[in-house]
Amino acid sequence: MAMGRSYIDNKDFEEEKEFYRNAVNLNEKQGKRGLLETKDKRKDDQIKDDDYLLGEARQPLWRKVAVPSSLINPHRIVIILRLIILLFFFQFRITTPVHDAFALWLISVVCEFWLALSWFVDQFPKWFPITRETYLDRLSIRFEREGEPSLLAPLDVFVTTADPLNASMLVFDTLAETSEFARIWVPFCKKYNIEPRAPEFYFSQKIDYLKDKVHPTFVKDRRAMKVREYEEFKVKINALVAKAQKKPEEGWVMQDGNPWPGNDSHDHPGMIKVYLGSSGARDKDGKELPRLVYVSREIRPCYQHNKKAGAMNALLRVSAVLTNAPFVLNLDCDHYTNNSKAIREAMCFLMDPQLGKKLCYVQFPKRFDGVDHHDRYSNHNTIFFDITMKCLDGIQGPVYVGTGFFIASTLMEGGGLPKGINSRLLIKEAIHVISCGYEDKTEWGKEIGWIYGSVTEDILTGFKMHCRGWKSVYCMPKRAAFKGSVPINLSDRLHQVLKWALGSVEIFLSGHCPLWYGYSGKLKWLQRLAYINIIVYPFTSTPLLVYCAIPAVCLLTGKFIIPILSNLASIWLMALFISIILACVLELRWSGVSIQDWWRNEQFWVIGGVSAHLFAVFQGILRVIAGVDTNLKVRAKGAEDTVFGELYLFKWTTLLIPPTSLVILNMVGIVAGISNAINNGYDSWGPLFGKLFFSFWVIMHLYPFLKGVDTNLKVRAKATEDTVFRELYLFKWTTLLIPPTSLVILNMVGIVAGISNAINNGYDSWGPLFGKLFSFWVIMHLYPFLKRLMGRQNRTPTIVVLWSILLALIFSIIWVRIDIFLPKQTGPVLKQCGLEC
């Protein structure tokens, strides 16, 4: 039984073995077939992926986004209606002169016509606003394929600066320290995707720096970078600055013992030093670093060096020799890269196969740090960068504004020396191209490179490019590409505006004025109109100044520039005001600009117009026609003690005289107008409101100027290190301050009115006067309040002081006119009248 069972079992086992062998063979065959099918599927997927990538690579790198018609068309309609209303308004103004104030009427009509013309050339280039979107992923697919060298074009970055300490070695030495710090900073930024890449601004950000950071060593590396590496770097830079404060009698000496070639800032040879990019220029991870090159062009007393335009042309030639890069990025020394992808954003346009052939430059908007929250002096210039430049992008392109600007360098020069030449020969050639005599008898500064002839070389250079038919592009990424600093106190801000306006006047008086230059070229008409507006706007200062003074003159003389209105004239006048308001509201609606930014821009347009623009016109005429050079003040761009220290620091300048005079004139005019209305009775109140409207309009536009005119107002406390008494010198605003402020001013005005009244009425009135001088007692008791009122930051807003003065003056005049304490005569006035009785 056992044997038989064993036999049977063996037989069954063989059968089962054969069955499993056949099953395994079947599974192997099916597995092979499945493997082939998997490979085929993967191959198909790979083909599909390749097709998708190829399709994406062929897609455009950017697209144009127009403003929706539902937003822009109402604005266009209102602009047309406003133009029609203006025509009827001027027909009324010209056909109805004011005979008893003919001179005032004529002057006002001329000013109104100029202001209307200025509005026309400013408004109509804003007809086609657009924005642009870029596709950085498509750029990478097209030019950065995995396992292959990048095909993105190389780029040179130009950073221009003036020597802060007059021919010291400070810039030279700080670049040496910066190049060493870059060896550890650059890999840190790449590893953790740091934004912004400027260390000072990155470490000073008040944000959650751990957001989106998942690398476990980030906190440790960041702490080491900030506490050890960057702080040590800052100490080294501070030591160099302290050392450079005093120039040695024998001049500066370099580390190798040789004298510094630039000891004489007005007479020195050209200098070039390559810090990075030569052999051994690697970061701590062994990766190659970009080149860092110090360039100082030759300066000689007998040559015209053409300021920034000459420096940019020198850098362009050095770039052509040392790197031969096809594209250039221009930044000012007070700007930094806030978005590391900004270069790729620009490449989406510059390397586009269609647009790139006719594109001369890509302009980014200017964005700024360190501006006070209210942007009192319109430093952000939002209306220009967020409205005007978008609109120009829809025509032929934005204007060139001097920084944050990518340009195709081959448009300006045909390239540099061929590659493969000995580096010493390249340096020798580079020094040659920055020599003073290199540009003699050439087209540099005339037809090649940055154009000479104006302190605003950027506007002039961009204008010449557009005249030749080139286009430009305005790129506004969500994260600001570049940021910089601006002067935040009133005096420096006005000097900055003076420089820009002076450059426009120089272009107007030159042969490159858009009014008559370039008609044989390819400049579009709306683009020409925009350039005319940019060049002619300083000349609006004269009619603006006169028009701001007319309301006060009307109040003082009792005259008015508009006759009695008929019903039809009233309708046209109301329609004009309504169209102005609607145009502003609709423009803000499609652009997304806030009403505060618009109002600050309007205010500073008046402030700058009656001060800096006015001086620019006279200085430009003297410089171009009479050959009298005027030195521009180098503005301060920072805070001394606190973040907004410079904002509250008042610096006297002659630019402040016209707006100050306008404010005083209009304030006196308001008081005189109200007193005259009180004297003349009910009938005079109607015309008064028309006069008061214009005076209040002037004062409201000059309000930021009034805020800045306080010579004692500074951010610092009396002693920043004395924390015990620090709060004593801080003034915090509260509405409780209005009554004492009014009391002080009212009593001061009362004293002046009382003394003048006593002088008028003779000896008998001096006795009662001394009894009325109780006002001195009030003022003496309020003196500590008055002293603190004008002393520190966060003090009473100037508008409160202003209104207190106005109310006190009005009440003083009413007091003189209607004295309730004098006995009233109810019977006839007894006097000798002779035959007239």
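Residues numbered from 1 in each chain as written. Predicted model: local features only at pLDDT ≥ 70, side-chain atom pairs only at ≥ 80, totals over all residues. Heavy atoms only, no water.

Caption draft 1: Here's a closer look at the overall build of the protein. Across its full length, the protein carries 26 helices and 12 strands. Within the protein, the proportion of its 837 residues that are buried is 45%. Sequence separation of 24 or more characterises 81% of the internal contacts of the protein that already satisfy a separation of 6 or more. Per element, the accessible surface of the protein, about 45800 Å² overall, is 61% carbon and sulfur. (Helix = DSSP H or I, 4+ residues; strand = E, 2+ residues; numbered from the N terminus. Buried < 20%, exposed > 50% of the residue type's maximum accessible area, 1.4 Å probe, protein only. Contact = heavy atoms within 4.5 Å. Areas by Shrake-Rupley, 256 points an atom, 1.4 Å probe, with all protein chains shown as cover.)

Caption draft 2: Structural view of helix H2 (residues 69–95). Over its 27 residues, H2 runs 39 Å from end to end, which matches the ideal 39 Å to within 8%, given 1.5 Å per residue. Along H2, the residues that are buried comprise Ile72, His75, Arg76, Val78, Ile79, Arg82, Ile85, Leu86, Phe89, Phe90, Phe92 and Arg93. Buried residues along H2 sit against helix H3 (102–123) and helix H16 (567–591). (Expected span 1.5 Å × (residues − 1).)

Caption draft 3: Representation of the nonpolar core. Grouped together as the largest cluster of nonpolar side chains are 40 residues, with contacts concentrated most on Tyr361, Val399, Trp450 and Ile459. Put simply, the parts of the chain that give this core at least two residues each are helix H8 (307–322), strand E8 (359–363), helix H10 (382–393), strand E10 (405–408), helix H12 (457–467), helix H13 (490–508) and helix H14 (525–536). When residues of this core are assigned to their parent elements, the largest contribution, six residues, is made by H14. One finds Leu139, Ala342, Met347 and Phe364 within the second-largest nonpolar core, a separate group that totals 25 residues. (Core = buried A, V, L, I, M, F, W, Y, C linked by side-chain atoms within 4.5 Å.)

Caption draft 4: Expanded view of a nonpolar patch on the surface. A surface patch of nonpolar side chains, amounting to about 430 Å² of accessible area, comprises Ile77, Ile80, Leu81, Ile84 and Phe88. In this fold, Ile84 is placed in helix H2. Judged by its relative accessible area of 39%, Ile84 falls in the partly exposed class. (Patch = residues over 30% accessible without salt bridge, like charges linked within 9 Å, V, L, I, M, F, W, Y side chains within 5 Å. Salt bridge = Lys/Arg side-chain N within 4 Å of Asp/Glu carboxyl O.)

Caption draft 5: Representation of the environment of Glu288. As for its placement among the helices and strands, Glu288 is situated in the loop between strand E4 (271–276) and strand E5 (292–296). For Glu288, a relative accessible area of 55% gives the class exposed. Taking the C-alpha atoms as reference points, Glu288 and Arg183, separated by 105 residues in sequence, lie 9.5 Å from one another. Apart from residues lying up to four places away in sequence, Glu288 is in contact with Ala281 and Arg282.

Caption draft 6: Inspection of the sheet that holds strand E6 (residues 327–332) at higher detail. The five strands lie next to each other as E3-E6-E10-E8-E11, forming an open sheet whose pairing is mixed. Either end of the sheet is taken by a strand with one partner, and the two such strands are strand E3 (155–160) and strand E11 (471–474). The sheet shows a mean angle of 20° between the axes of neighbouring strands, direction not considered. Here E8 runs beside E10; their pairing, made up of three bridges, is antiparallel. Looking at the pairing, Tyr361 lines up with Ile407 of E10. With respect to the sheet, H8 is in contact with E3 and E6, its orientation differing from that of E3 by roughly 150°. Seen against the sheet, H12 touches E8, E10 and E11 and runs at an angle of roughly 140° to E8. (Pairing = 2+ DSSP bridges. Axes fitted to C-alpha atoms, helices over the stretch in contact; angles between N-to-C directions.)

Caption draft 7: The arrangement of the packing of H2 against H16 in detail. At a closest axis distance of 9 Å, the pairing of H2 and H16 adopts a crossing angle of 155°. Taken as axis vectors, H2 and H16 run roughly antiparallel relative to one another. Considering only the axes of H2 and H16, their crossing is left-handed. Across the contact of H2 with H16, the residue classes break down as 20 nonpolar, three polar and three charged. (Parallel < 35°, antiparallel > 145°, perpendicular 65-115°, else oblique. Left-handed = near helix turned anticlockwise from the far one by under 90°. Nonpolar A, V, L, I, M, F, W, Y, C, P; charged D, E, K, R; others polar.)

Caption draft 8: Spotlight on unusual backbone geometry. In this chain, Glu195 is followed by Pro196 through a cis amide linkage whose omega measures -10°. By the element assignment, Pro196 lies in the loop between helix H5 (170–192) and helix H6 (199–203). Unusually for a residue other than glycine, Asn324 sits at a positive phi of about 60°. Within the fold, Asn324 resides in the loop between H8 and E6.

Caption draft 9: Expanded view of the environment of Ser118. Tracing the backbone through its elements, the reader meets Ser118 in helix H3. Its relative accessible area of 18% is what places Ser118 among the buried residues. Along the primary structure Ser118 and Phe539 are separated by 421 residues, whereas in three dimensions their C-alpha atoms are 9.7 Å apart. Here Ser118 is in contact with Asn533 and Thr540, once residues within four sequence places are set aside.

Caption draft 10: Highlighting the pattern of salt bridges. Scanning the entire structure with this criterion turns up 19 salt bridges. Ionic pairing is found between Asp122 and Lys126, a salt bridge with its closest N-O pair at 3.5 Å. Of the residues examined, Asp122 reaches a relative accessible area of 27% and is grouped as partly exposed. What makes Lys126 buried here is its relative accessible area of 6%.

Caption draft 11: Layout of the confidence of the model for the protein. This prediction gives the protein a mean pLDDT of 76; 65% of its residues lie at or above 70. At the low end of the mean pLDDT range in the protein sits helix H23 (residues 766–772), at 47; at the high end sits E11, at 95. Overall, residues 634–642 carries pLDDT values under 50, and its contacts beyond four positions in sequence, including any with other chains, amount to 19 contacts. Long-range and interchain partners of residues 767–775, a stretch whose pLDDT sits below 50, account for six contacts in this model, where long-range means more than four residues apart. (pLDDT = per-residue confidence, 0-100.)

Caption draft 12: Up close: the packing of aromatic side chains. A full pass over the atoms with the stated rule returns 38 aromatic pairs. Ring geometry for Tyr400 versus Phe405: centroids 3.6 Å apart, planes at 25°, classification stacked. You'll find Tyr400 and Phe405 in the same group, each marked buried. Counting every residue linked through ring pairs, the aromatic cluster contains Phe181, Trp185, Phe188, Tyr192, Tyr202, Phe203, Phe218, Tyr230 and Phe233. Between the NZ or CZ atom of Arg317 and the centre of the ring of Trp444, over which it lies, the distance is 4.8 Å. The lysine or arginine in question, Arg528, covers the ring of Tyr519, its NZ or CZ lying 3.8 Å from the ring centre. (Phe/Tyr/Trp six-rings, centres within 6.5 Å; stacked < 30°, edge-to-face > 60°. Lys NZ or Arg CZ within 6 Å of the ring centre and 35° of its normal.)

Caption draft 13: Structural context of the pairing of E10. Side-chain alternation along E10 places Phe405 and Ile407 on one buried face and Phe406 and Ala408 on a second face that is also buried. Here four bridges tie E6 to E10, and the two strands are oriented antiparallel to one another. When the sheet's bridge partners are listed, Val328 is paired in E10 with Ile407.

Caption draft 14: Spatial organisation of helix H9 (residues 342–350). The buried count for H9 comes to seven of nine residues, which makes it a mostly enclosed element. Within H9, burial applies to Ala342, Glu345, Ala346, Met347, Cys348, Phe349 and Leu350.

Caption draft 15: Region of the structure containing the side chain of Thr174. For Thr174, the position within the fold is in helix H5. Residue class for Thr174 comes out buried when judged on its relative accessible area of 17%. A polar side-chain atom of Thr174 sits 2.8 Å from the main-chain carbonyl oxygen of Leu170. Setting aside residues no more than four positions away along its own chain, Thr174 makes contact with Ile237 and Leu240. (Polar contact = N/O pair within 3.5 Å; in protein donor to acceptor, adjacent residues only side chain to side chain.)

Caption draft 16: Local environment of the state of the cysteines. Taken as a whole and judged by the stated rule, the model has zero disulfides. With no disulfide of its own, Cys436 lies 7.2 Å from the sulfur of Cys302, the closest cysteine sulfur. (Disulfide = S-S within 2.5 Å.)

Caption draft 17: Representation of the packing of H10 against H16. The contact between H10 and H16 brings their axes to 10 Å, and the two run at 80°. Here H16 runs roughly perpendicular to H10, going by the angle between their axes. Across from Asp386, Ile387, Lys390 and Cys391 in H10, the residues of H16 making contact are Glu587, Trp590 and Ser591. In terms of residue class, the contact of H10 with H16 is made up of three nonpolar, one polar and three charged.

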